[in-house]
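These are the residues of each chain, in order.
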Amino acid sequence: MRMELLEQIAPGLLALAGVFVGYFVQLASSHADRKERRHRLNREKFEEVCRCIQESTVEMQTFLGSQGEEALRFNPTAASNAHYLCLIYFPELADVTRDYSNMAAIFRSSLYGSGFRLDVNASIGAQSAINDPDYPKRLEQLQLQRAVVEGLIEELASKYVKA
């Protein structure tokens, strides 16, 4: 009687065990997929932050070389874009990118207030270098703040960008 009962229960238990094993394998696979997607998103967004920081340098150089109405219309956004990405994805970088973005905006504003004239045939950077004795110091501060951002990016790269 026991043997007959065991013969009837054993297939059901094995089928149930197979369902549980299949469920746990699927659960582990789903977890690994989510982890990989999260890793891929972090890597893409980290690369985007790096591009924004590089682009902010190009924007600033373009701005410094602009003159006349072009200088007044210029509106660089890369540094603030980097900061907003860091607020969402990389909180460790949020403070330094905020400081960099703010410093870039202050620097840009200071150039307008340094005696910039539309009727002079010289770039805003050249006019500021001539008219504003504090221009080199402010430019150096901006470059130092960018170096702080780049240093922290380099430090955190291995965390967010794995091969």
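Below is a short write-up of the structure. As the structure is a prediction and not an experimental result, all values here were calculated from the model.

1. Comments concerning the nonpolar core
As a rule of thumb, nonpolar side chains are buried together in soluble globular proteins.
Here's step 1: Val 49 and Leu 93 are the most contacted members of the largest nonpolar core, which totals 29 residues.
Here's step 2: Of all the secondary structure elements, the ones that give two or more residues to this core are α1 (2-65), α3 (78-89), α4 (91-112) and α6 (135-160).
Here's step 3: Not counting chain neighbours up to four residues away, the residues in contact with Val 49 comprise Ala 82, Leu 85, Cys 86, Phe 90 and Ile 153.

2. A short note on the pattern of salt bridges
Here's step 1: Tallying each qualifying case throughout the model produces eight salt bridges.
Here's step 2: Note that Arg 40 and Glu 36 form a salt bridge whose closest N and O atoms lie 3.8 Å from each other. You can see Arg 40 and its partner Glu 36 sitting in helix α1, four residues apart, about one turn around the helix.
Here's step 3: Across the salt bridge formed by Arg 146 and Glu 150, the nearest N and O atoms sit 2.6 Å from each other. Here Glu 150 and Arg 146 lie together in helix α6, a separation of four residues that amounts to about one turn.
Here's step 4: Of the residues examined, Arg 146 reaches a relative accessible area of 15% and is grouped as buried.

3. Some details on the packing of aromatic side chains
Here's step 1: For the structure on display, the rule yields eight aromatic pairs.
Here's step 2: Centre to centre, the rings of Tyr 89 and Phe 90 are 6.1 Å apart; their planes meet at 45°, and the pair counts as tilted.
Here's step 3: With a relative accessible area of 26%, Tyr 89 lands in the partly exposed category.
Here's step 4: Three or more aromatic residues joined by ring pairs make a cluster, and in this case those are Phe 46, Tyr 89, Phe 90 and Tyr 160.

Cut-off values and rules
- Residues numbered from 1 in each chain as written.
- Predicted model: local features only at pLDDT ≥ 70, side-chain atom pairs only at ≥ 80, totals over all residues.
- Heavy atoms only, no water.
- Core = buried A, V, L, I, M, F, W, Y, C linked by side-chain atoms within 4.5 Å.
- Buried < 20%, exposed > 50% of the residue type's maximum accessible area, 1.4 Å probe, protein only.
- Helix = DSSP H or I, 4+ residues; strand = E, 2+ residues; numbered from the N terminus.
- Contact = heavy atoms within 4.5 Å.
- Salt bridge = Lys/Arg side-chain N within 4 Å of Asp/Glu carboxyl O.
- Phe/Tyr/Trp six-rings, centres within 6.5 Å; stacked < 30°, edge-to-face > 60°.

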